[in-house]
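Here is how the chains run, residue by residue.
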Amino acid sequence: MNGLTGAILFVLWLIAVAGGVFALVHAARQRKDAFTAADKLSKPIWLAILAVALLVLFVTSVVGFFGIIAVVAVCVYLVDVRPRVDEIQRGPRW
């Protein structure tokens, strides 16, 4: 890649990897029962999904087929699973 296109792809890759690392660390620090209480996949499954997604992001491009799947997996965790797990552990906000 050259010039501006390469810089944009590098920034996208950095954002995707940072999100993946954050999601993996967050998932590792949560209680195991919070995932099932939130009616989501179990903690070991999410850890495996996020670890594989992070590995894929290190090996491939963010805009490639597997890179997009990895980014979607990280986004699903960050947008859907993480808020529910946090809510279960903190309790409802009043």
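See the structure printed just above.
Cut-offs used in this document
Residues numbered from 1 in each chain as written. Predicted model: local features only at pLDDT ≥ 70, side-chain atom pairs only at ≥ 80, totals over all residues. Heavy atoms only, no water. Salt bridge = Lys/Arg side-chain N within 4 Å of Asp/Glu carboxyl O. Buried < 20%, exposed > 50% of the residue type's maximum accessible area, 1.4 Å probe, protein only. Helix = DSSP H or I, 4+ residues; strand = E, 2+ residues; numbered from the N terminus. Contact = heavy atoms within 4.5 Å.

Here's the deal with the pattern of salt bridges
Considering all chains together, one arrives at 4 salt bridges under this definition. The salt bridge partner of aspartate 33 is arginine 31, with a shortest N-O separation of 3.0 Å. Classification of aspartate 33 by relative accessible area gives partly exposed; the value is 42%. Two residues, lysine 40 and aspartate 80, come together in a salt bridge whose shortest N-O distance is 3.0 Å. Taken together, the residues lysine 40 in the loop between helix H2 (32-37) and helix H3 (43-59) and aspartate 80 in helix H4 (residues 65-90) connect sequence positions 40 residues apart. Judged by relative accessible area, lysine 40 falls into the partly exposed class, the value being 22%. For aspartate 80, a relative accessible area of 35% translates into the label partly exposed. Overlapping salt bridges bring together Arg82, Asp86 and Arg90 as one network.

Side note on unusual backbone geometry
Positive phi is not limited to glycine here, since aspartate 39 has a value of about 65 degrees. With respect to the helices, strands and loops of the structure, aspartate 39 is situated in the loop between H2 and H3. Exposure remark for aspartate 39: the relative accessible area of 70% places this residue in the exposed category.

Topic: the side chain of aspartate 86
Tracing the chain through its elements places aspartate 86 in helix H4. Of the residues examined, aspartate 86 reaches a relative accessible area of 13% and is grouped as buried. Each residue touching aspartate 86, except ones within four places of it in the same chain, is listed here: His26 and Gln30.

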